[in-house]
Protein chains: 2
Amino acid sequence: MKANVHVTLKRGVLDPQGKAIGHALQSLGFDGVDEVRQGKFIELDLAETDPEAARKAVEAMCQKLLANTVIEDYRIDLVG
Amino acid sequence: MKANVHVTLKRGVLDPQGKAIGHALQSLGFDGVDEVRQGKFIELDLAETDPEAARKAVEAMCQKLLANTVIEDYRIDLVG
């Protein structure tokens, strides 16, 4: 079973990497880009086949390692 | 209109960041994680309202800046 995890900065937390991308896009001539936010996308290949157990395990991984829950949100999508 | 862009390493390209996460998960006691791949997730807030024009613009942004198309794939999802 695969799990896709999105880790994004919480709204209100400054995102210098996103800002840098926004400026770079502008200097390349792409107008009309209001805001850019960059997050992480993590694909996990799990041996677990039970969706409920898999979600629980990935939830624990996010809490302990994948996300800094003080400033980041995470979203878990189980695939297949 | 919002666009979500996933930038991921092509299959076959070594992903040291993903490997590091995999090892860290294992040393934290999370067994049963076979492979980990890390990519980027970029949220763009666009002034453009026409989906076709928006997709074309984001496609150009990916080609020129957001992705290194030699080693990375990208996926564009338009939202709202």
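The structure this text deals with has already been given above.
All of these numbers come straight from a predicted model, not from anything done at the bench. (Residues numbered from 1 in each chain as written. Chains lettered and ligands numbered in written order. Predicted model: local features only at pLDDT ≥ 70, side-chain atom pairs only at ≥ 80, totals over all residues. Heavy atoms only, no water.)

1. Notes on the pairing of strand β1 (residues 2–9) of chain B
Residue and element names in this part refer to chain B.
- Judged by how many residues are buried, β1 sits mostly within the fold: seven of eight residues are covered.
- Strand direction decides the pairing type here: β1 and strand β2 (residues 33–46), joined by six bridges, are antiparallel. In the sheet register, Ala3 faces β2, and the bridge partner there is Leu44.
- One ladder, built from eight bridges, connects β1 with strand β3 (residues 72–79); its direction is antiparallel. The residue bridging Asn4 from the neighbouring strand is Asp77, located in β3. (Buried < 20%, exposed > 50% of the residue type's maximum accessible area, 1.4 Å probe, protein only. Helix = DSSP H or I, 4+ residues; strand = E, 2+ residues; numbered from the N terminus. Pairing = 2+ DSSP bridges.)

2. Regarding the relation of the copies chain B and chain A
- Of the two same-sequence chains, chain B is brought onto chain A (RMSD 0.0 Å, axial shift 0.0 Å) by a rotation of 180 degrees. Here the two chains are linked by the operation of a two-fold rotation axis. Nearest to the rotation axis, the C-alpha of B:Lys40 is located 2.4 Å from it, this being the minimum over chain B.
- Mapped onto chain A, 100% of the interface residues of chain B are again interface residues, and the two copies thus contact each other with one and the same surface. (Least-squares fit on C-alpha atoms with pLDDT ≥ 70 in both. Contact = heavy atoms within 4.5 Å.)

3. Regarding the interface of chain B and chain A
- Contact residues are listed per partner, giving 30 residues for chain B and 30 residues for chain A.
- The largest per-residue losses of area from chain B upon contact with chain A belong to B:Phe30, B:Phe41 and B:Glu43, which jointly make up 20% of the total buried on that side.
- Our count for the contact surface shared by chain B and chain A stands at two salt bridges.
- With a shortest N-O distance of 3.8 Å, B:Glu43 and A:Arg11 are connected by a salt bridge.
- One can count 11 residue pairs in polar contact (both at pLDDT 80 or more) joining chain B with chain A.
- Counting residues per element, the ones that place at least two in the side of chain B that touches chain A are β1, α1 (16–27), β2 and α2 (51–66) of chain B.
- Top element by residues in the side of chain B that touches chain A is β2(B). It accounts for 14 residues.
- Residue composition of the side of chain B that touches chain A, grouped by class: 17 nonpolar, five polar and eight charged.
- By the bridge criterion, 13 bridges tie strand β2 (residues 33–46) of chain A to β2(B) in an arrangement that is antiparallel. (Buried area = accessible area lost by both parts, 1.4 Å probe. Salt bridge = Lys/Arg side-chain N within 4 Å of Asp/Glu carboxyl O. Polar contact = N/O pair within 3.5 Å; in protein donor to acceptor, adjacent residues only side chain to side chain. Nonpolar A, V, L, I, M, F, W, Y, C, P; charged D, E, K, R; others polar.)

4. Quick word on the packing of helix α2 (residues 51–66) of chain A against α1(B)
- Where α2(A) contacts α1(B), the axes come no closer than 11 Å and their chain directions differ by 105 degrees. Of the possible angle classes, the one that applies to α2(A) and α1(B) is roughly perpendicular. Of α1(B), the residues touching α2(A) (which contributes A:Met61, A:Leu65 and A:Leu66) are B:Ile21, B:Ala24 and B:Leu25. (Axes fitted to C-alpha atoms, helices over the stretch in contact; angles between N-to-C directions. Parallel < 35°, antiparallel > 145°, perpendicular 65-115°, else oblique.)

5. Considerations on the pattern of salt bridges
- In total, this model carries 11 salt bridges over all chains according to the counting rule given.
- Across the pair B:Asp77 and B:Arg75 runs a salt bridge, and its minimum N-O distance is 3.5 Å.
- Under the relative-accessibility criterion, B:Arg75 is labelled partly exposed at 46%.
- It is possible to trace a salt-bridge network through shared partners that takes in A:Glu43, B:Arg11, B:Glu35 and B:Arg37.

6. Side note on the sheet that holds strand β3 (residues 72–79) of chain A
- The sheet built from six strands is open, its strands ordered β3(A)-β1(A)-β2(A)-β2(B)-β1(B)-β3(B) with antiparallel pairing. Taken across any chain shown, the strands that pair with only one partner, and hence form the sheet edges, are β3 of chain A together with β3 of chain B. The sheet shows a mean angle of 20 degrees between the axes of neighbouring strands, taken without regard to direction.
- Those strands touched by α1(B) are β2 of chain A together with β2 of chain B, and its axis lies near 125 degrees from that of β2(B).

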